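Breakdown of the fold
Given next are the chains, with one letter for each unit.
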Amino acid sequence: MSTFKDWFTEDEDDIFMGSPKSKFFDVSREASKDIVEEEIDKIVEKLAVLEMIISKDKGEDFDINQYIKDYTLDNMSEVKAMKKGLYVEFTGEIICRLDS
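Here's a quick rundown of the structure. From a predicted model like this one, the values you see are computed outputs, not experimental measurements. (Residues numbered from 1 in each chain as written. Predicted model: local features only at pLDDT ≥ 70, side-chain atom pairs only at ≥ 80, totals over all residues. Heavy atoms only, no water.)

Thoughts on a nonpolar patch on the surface
Note the cut-off: The residues that make up patches have over 30% relative accessible area and no salt bridge, and they are joined within 9 Å when like-charged or within 5 Å when they are Val, Leu, Ile, Met, Phe, Trp or Tyr. Each accessible area is a Shrake-Rupley estimate made with a 1.4 Å probe; only the visible protein chains count as cover when residues are assessed. Between Lys or Arg on one side and Asp or Glu on the other, a salt bridge is scored when a side-chain nitrogen of the former is within 4 Å of a carboxyl oxygen of the latter. Only DSSP runs of H or I covering at least 4 residues are called helices, and only runs of E covering at least 2 are called strands; the numbering of each starts at the N terminus. Burial classes: relative accessible area under 20% of the type maximum marks a residue as buried, over 50% as exposed, and values in between as partly exposed (1.4 Å probe, protein chains only).
Taken together, the side chains of V49, L50 and I53 define a hydrophobic patch exposed on the protein surface, amounting to about 270 Å² of accessible area. Secondary-structure assignment places L50 in helix α2 (residues 33-55). Overall, the relative accessible area of 43% leaves L50 in the partly exposed class.

Details of the packing of helix α1 (residues 20-30) against helix α4 (residues 76-98)
Put simply, the rule is: Note on geometry: axes are lines fitted to C-alpha atoms, helical ones only across the stretch in contact, with angles between N-to-C directions running from 0 to 180 degrees. In what follows, roughly perpendicular refers to angles from 65 to 115 degrees, roughly parallel to angles under 35, roughly antiparallel to angles over 145, and oblique to any angle outside these ranges. Take the far helix as the reference: if the near one is turned anticlockwise from it by less than a right angle, the crossing is left-handed, and if turned clockwise, right-handed. Between two residues, a contact is recorded if the distance between any of their heavy atoms is within 4.5 Å. Think of it as three bins: nonpolar holds Ala, Val, Leu, Ile, Met, Phe, Trp, Tyr, Cys and Pro, charged holds Asp, Glu, Lys and Arg, and polar takes everything else, Gly as well.
α4 packs onto α1 with a crossing angle of 25° between their chain directions and a minimal axis gap of 8 Å. Classified by the interaxial angle, the pair formed by α1 and α4 is roughly parallel. The interaxial crossing formed by α1 with α4 has left-handed handedness. Facing P20, K21, K23, F24, F25, V27 and S28 of α1, the residues of α4 in contact are K84, Y87, V88, F90, T91, I94 and I95. Residues of the contact of α1 with α4, tallied by class, amount to nine nonpolar, two polar and three charged.

Considering the pattern of salt bridges
Side chains that differ in sign of charge can pair as their charged atoms come close. In total, this model carries seven salt bridges according to the counting rule given. Close ionic contact of D26 with R29 constitutes a salt bridge, the shortest N to O distance being 2.8 Å. With D26 and R29 both in helix α1, this residue pair falls three residues apart, about one helical turn. A salt bridge links R97 to E38, with the nearest nitrogen and oxygen atoms 2.4 Å apart. You can see R97 sitting in helix α4 and its partner E38 sitting in helix α2, a full 59 residues away along the chain. According to the relative accessible area criterion, E38 is partly exposed, its value standing at 40%. When salt bridges with common partners are traced through the structure, they connect E38, E39, K42 and R97 into a single cluster.

Okay, structure coming up:
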């Protein structure tokens, strides 16, 4: 991840660049509704699979939301970096679909 560190250091208020999150929403507002819905469905499917993987072999008392909350608090900087990277990835997926 250190190779891409500079990708995520722009000022979120910079009118020319913006944050990965703001660019994702800019692209998603301008892209075809069908393309955006399909890409969001892929994101939800990925989330469902990841939740299933994490919850596998856990007892009935396992609370995935608490697990995620605790993990986020313990790993905040890594989570923020991964989140920004995913926004870049998802934005790229939508943009690639616009050209096809």
